[in-house]
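# Coordinate analysis (summary)
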Amino acid sequence: MAEIYSVYDLLPEGDEADLNAVCAKMADLVPEGVKVQKSDVVDHVFGLMKIRVELLINADDESIGGKLEDALLSIEGIGNIECVSSTNV
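The structure reproduced in this document is the subject of the present report.

The helix and strand inventory of the protein stands at 3 helices and 4 strands. Its helices and strands taken in sequence order, the protein reads β-α-α-β-β-α-β from the N to the C terminus. Computed over C-alpha atoms, the radius of gyration of the protein comes to 13 Å, within 12% of the 12 Å expected from 2.2 N^0.38 for 89 residues, which places it in the range of a compact globule. In terms of overall dimensions, the protein has C-alpha extents of about 40 × 20 × 20 Å along its principal axes. Burial analysis of the protein (89 residues in total) assigns 31% to the buried set. Within the protein, counting contacts between residues at least 6 apart in sequence, those at least 24 apart form 67% of the total. Surface summary for the protein: the accessible area is close to 5,500 Å², and the carbon and sulfur share equals 46%.

This is how it looks when you write it as structure tokens:
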């Protein structure tokens, strides 16, 4: 099984999103074939916060990238996502 280790930043729509609650349920929000290794709320800019999530992705499913990004963008309170890094394991 080929795997990819990716790091994503999830940026909130505004400063009212409960990012800690999103982190707590992150494992339930990603599609099958994706394992959450770590998720934390971290500083972004000018006192704003973001979520940094580290993921182990099963690369055998060719459409997993699209499924993952769709799932992350559909999280309530998240306005944008960014793949910060990605590497084969």
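Let's pick the thread back up.
The pairing of strands in a sheet comes from backbone hydrogen bonds and takes either a parallel or an antiparallel form. On the basis of which strands lie adjacent, the open sheet formed by 4 strands has the order β2-β3-β1-β4 and antiparallel pairing. Of all strands in the sheet, those bounded by a partner on one side alone are β2 (34-43) and β4 (78-88). Ignoring strand direction, the axes of neighbouring strands in this sheet form an average angle of 20 degrees. Looking at chain direction, β2 and strand β3 (residues 49-58) are connected through 9 bridges and run antiparallel.

With that settled, consider the nonpolar core. Counting residues in each nonpolar core, the largest one holds 18 residues, and the members touching the most others are Y8, L10, M26, I51, L55, L68 and L72. Here the element with the most residues in this core is β3; it accounts for 4 residues. Apart from residues no more than four positions distant in its own chain, I51 is found in contact with Y8, D9, L10, L19, V22, C23, M26, D40, V41 and I78.

Both strand β1 (residues 3-12) and β3 contribute to a ladder of 8 bridges, which runs antiparallel. Considered in β3, the bridge of E3 is made with N58. A loop of 5 residues connects β2 with β3, the two strands running antiparallel in sequence, and F46 in this loop sits at a positive phi of about 50 degrees.

What counts, and where the lines are drawn
- Residues numbered from 1 in each chain as written.
- Predicted model: local features only at pLDDT ≥ 70, side-chain atom pairs only at ≥ 80, totals over all residues.
- Heavy atoms only, no water.
- Helix = DSSP H or I, 4+ residues; strand = E, 2+ residues; numbered from the N terminus.
- Rg over C-alpha atoms; globule rule 2.2 N^0.38 Å.
- Buried < 20%, exposed > 50% of the residue type's maximum accessible area, 1.4 Å probe, protein only.
- Contact = heavy atoms within 4.5 Å.
- Areas by Shrake-Rupley, 256 points an atom, 1.4 Å probe, with all protein chains shown as cover.
- Pairing = 2+ DSSP bridges.
- Axes fitted to C-alpha atoms, helices over the stretch in contact; angles between N-to-C directions.
- Core = buried A, V, L, I, M, F, W, Y, C linked by side-chain atoms within 4.5 Å.

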